[in-house]
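Listed here are the chains, written in short residue letters.
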Amino acid sequence: MDNLISLVNKIQRACTALGDHGEASALPTLWDSLPAIAVVGGQSSGKSSVLESIVGKDFLPRGSGIVTRRPLVLQLHKSDEGSREYAEFLHLPRKRFTDFAAVRKEIQDETDRETGRSKQISSVPIHLSIYSPNVVNLTLIDLPGLTKVAVEGQPESIVQDIENMVRSYIEKPNCIILAISPANQDLATSDAIKISREVDPTGERTLGVLTKIDLMDKGTDAVDILEGKAYRLKFPWVGVVNRSQADINKNVDMIAARRREREYFASTPEYRHLAQRMGSEHLAKVLSKHLETVIKSRIPGIQSLINKTIAELETELSRLGKPIAADAGGKLYTIMEICRLFDQNFREHLDGVRTGGDKVYNVFDNQLPAALKRGPAEAAVDAIHSILKDLVHKAMSETPELKQYPALRVEVGNAAIESLERMREQSRKATLQLVDMECCYLTVEFFRKLPQDADKGGSATQSIFDRYNESYLRRIGTTVLSYVNMVCATLRHSIPKSIVYCQVREAKRSLLDFYYTDLGKLEQKRLSALLNEDPAIMERRSALAKRLELYRSAQAEIDTVAWSK
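About the cut-offs
- Residues numbered from 1 in each chain as written.
- Predicted model: local features only at pLDDT ≥ 70, side-chain atom pairs only at ≥ 80, totals over all residues.
- Heavy atoms only, no water.
- Pairing = 2+ DSSP bridges.
- Helix = DSSP H or I, 4+ residues; strand = E, 2+ residues; numbered from the N terminus.
- Contact = heavy atoms within 4.5 Å.
- Axes fitted to C-alpha atoms, helices over the stretch in contact; angles between N-to-C directions.
- Salt bridge = Lys/Arg side-chain N within 4 Å of Asp/Glu carboxyl O.
- Buried < 20%, exposed > 50% of the residue type's maximum accessible area, 1.4 Å probe, protein only.
- Parallel < 35°, antiparallel > 145°, perpendicular 65-115°, else oblique.
- Left-handed = near helix turned anticlockwise from the far one by under 90°.
- Nonpolar A, V, L, I, M, F, W, Y, C, P; charged D, E, K, R; others polar.

It is worth spelling out the sheet that holds strand E8 (residues 206-211) at this point. Pairing is mixed in the open sheet, where nine strands are placed in the order E4-E3-E5-E2-E6-E1-E7-E8-E9. Every other strand in the sheet has two partners, leaving strand E4 (92-97) and strand E9 (238-239) as the edge strands with one partner each. Pairing analysis gives two bridges linking E8 to E9, with the strands arranged parallel. Paired with Leu210 across the strands is Gly239, a residue of E9. Docked against the sheet, helix H5 (residues 191-199) engages strand E1 (36-41), strand E7 (175-182) and E8, running at close to 150° with respect to E7.

On to the pattern of salt bridges, then. Scanning all chains against the criterion turns up 32 salt bridges. Close ionic contact of Asp191 with Lys148 constitutes a salt bridge, the shortest N to O distance being 2.6 Å. Here Lys148 lies in the loop between strand E6 (138-142) and helix H4 (158-170) and Asp191 lies in helix H5, a separation of 43 residues in the sequence. By relative accessible area, Asp191 is classed as partly exposed at 23%. Judged by relative accessible area, Lys148 falls into the exposed class, the value being 60%. Between Arg540 and Glu316 there is a salt bridge, with the nearest N and O atoms lying 2.9 Å from each other. One end of the pair, Arg540, is in helix H20 (residues 535-564); the other, Glu316, is in helix H9 (residues 280-320), with 224 residues separating them in the sequence. Using a relative accessible area of 23% as the deciding quantity, one classes Arg540 as partly exposed.

What follows is about the pairing of E8. Most of E8 sits out of view: six of its six residues are buried. By the alternation rule, side chains of E8 split into Thr206, Gly208 and Leu210 and Leu207, Val209 and Thr211, which are all buried. Sheet topology note: the E7/E8 ladder contains six bridges and is parallel. Considered in E8, the bridge of Leu178 is made with Leu207.

Here we take up the packing of H4 against H5. Contact pair H4 / H5: the axes reach a minimum separation of 10 Å and the direction vectors enclose 50°. Classed by the angle they form, the pair H4 and H5 counts as oblique. For the element pair H4 and H5, the recorded crossing hand is right-handed. Mapping the contact onto sequence places Glu163, Val166, Arg167 and Ile170 in H4 and Ile195, Glu198 and Val199 in H5. Residues of the contact of H4 with H5, tallied by class, amount to four nonpolar, no polar and three charged.

Here it is, written out as structure tokens:
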């Protein structure tokens, strides 16, 4: 079972090293799924003394006001009997502390490094591992003490900030709450009990600890609380007797203090019947056993979460793409490959429009009336150009690699639009040439050469308006109109063919040809500029890679423990 606590210890350390503190973020968190014991209490509740009694060492900062300003993840490792006690910090991995006064100073210094000397608080935890033959395997998270007033140098919001931080830990279903309350104060006013009740109203996750029992007024005792009559929790209350301030000032040995604690409960008539389950040593064993039980019950769920999250992280990293090669050849290849993917998307959209047929060819029904005019022909050219531009934008939005490199996205988009503009100009010239060719055929000469025969009517001596009778003029009009209609019908077929040939066909065949030619002439510096990623994407990829490393590490650790069983 000790392997389970060691397993969670390793995963917690990995979480902190890779930036997973359980805070709300856009990344999945493993920290929140890990069972943990959070130590909660008001200032002057004796919280620090309880932790030092469990460890058997004087190592926590002391003083007035808010002393604990960052969560302290305290991992206890039972070592072989007779071995030397020492401590290690996660942020100082190659340094062992055998002087626990130096441990206290390092906690203060590391707190100041994160928060400055402004007495502010931070949710970034400090990880401290203590190896000793006098401890049980256990992990506790010491949270800042709840307070009702801000001290000098702290903002008024500090009271709410601390409560919010404590709540963010203990409201999680995997958190075991160690609620520290002083016996010489009314339990109804206990900060720890009040906030624990709000997040755990049934007391299923709360373990109550009563401190300062020896400091209660004469004639009073804490039996009703310790027996669960005053305030019932699922687990029995544990009473402890900590060192007094005078003992602390005299540096009374912690082992001796434990012995005096045992003697106090054994010799005090009111508590003699409870002595077997009182004291800091008993509390440590209860916590260790309970933590092991909770971890064992949560392992299957943690494994499932890890496997699911690994798959999600790998999918997103794949979507974001890999960083490009550093050499010029690698960069040019990357750009060409991205352009090819964009061109492929564009062609697929173009084929869909053409096989659907309606979108391209119906344009001509709307834009080409039955008349020989340049305007409608130009409008048809512009309409097809607009369709092709829309397809370019659609293909760009569906090419994820272009999202990765904003500069390249702009460049490719501009190159595609410029290419379409050239094709539009060529199409316009070809189309208008067809219209002009047909229009130029109906000249004055055409009418002058109309047959001058007897059917005209009238005589040669009459004026031109009198020489042609009405039926003859009507026949000429009918002939010309038939010719115009025939030409218009021909143009309604030939103009679309010309436009499709000059614009649609060319766009599919050579949309980026000019750009490919220009790419080969670019220097490495310019190629690098095109592949400058969006900083947000780079940051996201880096964060995802770290989080994936964390989950894979956790997966390997859990598998190792599973196989060892």
